[in-house]
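So you can see what is in the structure, the chains are spelled out below.
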Amino acid sequence: MKKILAIGLIFLIVFLIYNFNKDKEIYYFNIMDKENNYPNLIKKEIPKLEKYINYQKTDLRVTDLIRDINDNIVINNKNIQNILIKADLITLSIGNNEIEYKIKNTKVTDLYNYVDEVASDIEELLKLIRIYSKEKIYLIGINIDNEYYKELIDYLNIKLEDICDSYNVEFIKNDVNIVKKVLKTYCKC
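Bear in mind that the values here come from a model prediction, so they are computed numbers and not experimental data.

Definitions and cut-offs
Residues numbered from 1 in each chain as written. Predicted model: local features only at pLDDT ≥ 70, side-chain atom pairs only at ≥ 80, totals over all residues. Heavy atoms only, no water. Helix = DSSP H or I, 4+ residues; strand = E, 2+ residues; numbered from the N terminus. Buried < 20%, exposed > 50% of the residue type's maximum accessible area, 1.4 Å probe, protein only. Contact = heavy atoms within 4.5 Å. Areas by Shrake-Rupley, 256 points an atom, 1.4 Å probe, with all protein chains shown as cover. Salt bridge = Lys/Arg side-chain N within 4 Å of Asp/Glu carboxyl O. Phe/Tyr/Trp six-rings, centres within 6.5 Å; stacked < 30°, edge-to-face > 60°. Lys NZ or Arg CZ within 6 Å of the ring centre and 35° of its normal. Core = buried A, V, L, I, M, F, W, Y, C linked by side-chain atoms within 4.5 Å. Pairing = 2+ DSSP bridges. Axes fitted to C-alpha atoms, helices over the stretch in contact; angles between N-to-C directions.

This part covers the overall build of the chain. The helix and strand inventory of the chain stands at eight helices and seven strands. In terms of its C-alpha atoms, the chain occupies a principal-axis envelope of roughly 80 × 35 × 35 Å. Within the chain, the fraction of its 189 residues that count as buried is 43%. Sequence-distant contacts, at least 24 apart, represent 73% of the contacts inside the chain between residues at least 6 apart. In the form shown here, the chain has an accessible surface area of approximately 11300 Å², with 53% of it arising from carbon and sulfur atoms.

In structure tokens, the structure reads:
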């Protein structure tokens, strides 16, 4: 009986030490290819935000980001692979610029093949990010403000949603919903 009590006491002490020393601050990494306000809204509302790193380039393509991760580029004096490892929350908004450019410069008949390539590149990106991060990742769907291409964009977003399911990534249809989802997860608001 004494042994069982001693083992139970040891487990209780270990649990209390773990719980007391557990990191409760949020490390947030945002990657995006176009100007958007949702990171600022999220950043402002998350309590205990330890660090916020924003990687934003208006001409960032999915393949560029894959190369940047493989080359382990430096962002804010930290290597991107290290940032991915430490991040508790990652939001991705990428592919919009590529699709907008192709819509303007490609025949409609070729666009479906191109969006399949972009979806494949995003799958490769998610696979690569999952090597470094086991934490919460949100991918924001492609949002092009052009009613004529709505069917094409819906097709791509359905593909992206299926890909996200394979890599335990949360797919968010648009920017407005991401703020609500993230705050619901990381904030007791």
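Per the stated rule, a full pass over the model turns up seven salt bridges. Measuring nitrogen to oxygen at the nearest pair gives 3.6 Å for the salt bridge that ties Asp68 to Arg67. In this structure Asp68 comes out as buried when scored by relative accessible area, which is 4%. We note a salt bridge from Glu170 to Lys136, for which the minimum N-O separation is 3.2 Å. Residue Glu170 is found in strand S7 (residues 170–172), and its partner Lys136 is found in strand S6 (residues 136–140); the two are separated by 34 residues along the sequence. In this structure, a network of salt bridges that share partners links the residues Arg61, Asp64, Arg67 and Asp68.

Bringing the packing of aromatic side chains into the picture now. Each pair of aromatic rings is reported with the distance of its centres and the angle of its planes. One pass over the full model with this rule turns up three aromatic pairs. Ring geometry for Tyr112 against Tyr155: centres 5.1 Å apart, planes inclined by 65°, an arrangement best described as edge-to-face. With a gap of 43 residues between them, Tyr112 in helix H6 (residues 108–132) and Tyr155 in helix H7 (residues 150–166) connect regions that are remote in the sequence. Pairing Tyr148 with Tyr149 gives two aromatic rings, centres 4.9 Å apart and planes at 85°, and the pair type is edge-to-face. Judged by relative accessible area, Tyr148 falls into the exposed class, the value being 61%. Taking the ring centre of Tyr114 as reference, the NZ or CZ of Lys102 above it sits at 4.9 Å.

For the rest of this paragraph, the subject is the nonpolar core. Core analysis: the biggest nonpolar cluster contains 44 residues, and Phe29, Leu65, Leu92, Ile99 and Leu160 have the highest contact counts within it. For this core, the element with the highest residue contribution is H6, accounting for ten residues. Not counting residues up to four positions away in its chain, the partners in contact with Ile99 are Tyr114, Val115, Val118, Ile142, Ile144, Ile153 and Leu156. Formed by 13 residues, the second largest nonpolar core is a distinct cluster that contains Ile26, Leu89, Ile172 and Val182.

Attention now moves to the sheet that holds S7. Ordered by their spatial adjacency, five strands build an open sheet running S2-S1-S5-S6-S7, and the pairing between neighbours is parallel. Of all strands in the sheet, those bounded by a partner on one side alone are strand S2 (49–56) and S7. Pairwise comparison of adjacent strand axes, ignoring direction, gives a mean angle of 15° for this sheet. Looking at chain direction, strand S5 (residues 89–93) and S6 are connected through four bridges and run parallel. Considered in S6, the bridge of Leu92 is made with Leu139.

What follows is about unusual backbone geometry. A positive phi angle, near 55°, is found at Asn72, a position not held by glycine. Mapped onto the elements of the fold, Asn72 is located in the loop between helix H3 (62–71) and strand S3 (74–75). Phi at Asn168 takes a positive value of approximately 50°, unusual for a residue other than glycine. Along the polypeptide, Asn168 turns up in the loop between H7 and S7. In this structure Asn168 comes out as exposed when scored by relative accessible area, which is 61%.

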